[in-house]
Each structure stands twice: as structure tokens, then as C-alpha cells.
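Results of the structural survey
What follows is the residue order along each chain.
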Amino acid sequence: RLQDSAATTPWPVQLSLEALGAQLALNGTIKQPLLGRGYGGKLAATVPALAALAPFLPGQKLPELHDIRLAGQFADTGTPLPHVSGLTLHIGEVS
């Protein structure tokens, strides 16, 4: 089924990452995984303190931002960039 390009039943996709207190979750579906087409879903991310991610960005000075939350929905439109909707960004205390 994975290699059947004529198949139309969407595949479920679930991705969760966590590093240094930051979390990223992606839940959605993709109809043609081998072609990267027909995808859609929701993304949510939280970062308690941006400075904690400094090891991933050596040499970069990160602002003292806290309680960062990002959420949104995305969908394949057949163009190079996906359609993004319901995008929200929350930034809490700034030191």
C-alpha cells in the first residue's frame, strides 16, 4: 500500500520531539507519503525558556524569552508552500 501511488487512504502521522524542556508535536495525515503530497495536520510547540536551546544554536545570542507556545494547522495545496491557518504564538515573560 505504501508504494501504491493510486491509493487514496490517508496514512496517520504522529511525531513527538522533546529536548532540553522544549516539546514539539505534529499530528496529521498524508495521502501520498512517497511523493510528500496530500498532507495536513496540526502542529504544537512549547519552549519554557528560549535560552535552554542555545546548545542547538552555537554562537547565537538568544533573547531571554519564556513560556513560548506555538500552534497551528497546515495543509498541502499542491504548491511549494503549505497553507497555514489558525496560527497562534504566545510569548510570556521577557527578561
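Residues numbered from 1 in each chain as written. Predicted model: local features only at pLDDT ≥ 70, side-chain atom pairs only at ≥ 80, totals over all residues. Heavy atoms only, no water.

All right, on to unusual backbone geometry then. Notably, leucine 20 is not glycine yet its phi reads approximately 50°, a positive angle. Topologically, leucine 20 is positioned in the loop between strand 1 (11-19) and strand 2 (22-32). A positive phi angle is found at aspartate 67, which is not glycine, with a value near 50°. Counting through the fold element by element, aspartate 67 comes out in strand 4 (residues 66-75). (Helix = DSSP H or I, 4+ residues; strand = E, 2+ residues; numbered from the N terminus.)

Next up on the list: the packing of aromatic side chains. Taken as a whole, this structure holds one aromatic pair when the rule is applied. Here tyrosine 39 and phenylalanine 74 contribute two aromatic rings whose centre-to-centre distance is 6.2 Å and whose plane-to-plane angle is 40°, an arrangement assigned as tilted. In this pair, tyrosine 39 sits in strand 3 (residues 37-49) while phenylalanine 74 sits in strand 4, placing the two residues 35 residues apart along the sequence. A residue is classified by how much of its surface remains accessible, and tyrosine 39, at 23% relative accessible area, is partly exposed. Of the residues examined, phenylalanine 74 reaches a relative accessible area of 19% and is grouped as buried. (Phe/Tyr/Trp six-rings, centres within 6.5 Å; stacked < 30°, edge-to-face > 60°. Buried < 20%, exposed > 50% of the residue type's maximum accessible area, 1.4 Å probe, protein only.)

Going through the model one piece at a time under the given rule, you end up with one salt bridge. A salt bridge links arginine 69 to aspartate 67; its shortest N-O distance comes to 3.8 Å. (Salt bridge = Lys/Arg side-chain N within 4 Å of Asp/Glu carboxyl O.)

Let us now look at the environment of glycine 86. Among the structural elements, glycine 86 can be located in strand 5 (residues 83-90). The exposure class of glycine 86 is exposed, given its relative accessible area of 56%. Spatially, the C-alpha atoms of glycine 86 and glutamine 73 are 6.0 Å apart, while their sequence positions differ by 13 residues. Leave out the neighbours within four places in its chain, and glycine 86 touches Ala71 and Gly72. (Contact = heavy atoms within 4.5 Å.)

Just distances and angles here, no functional claims.
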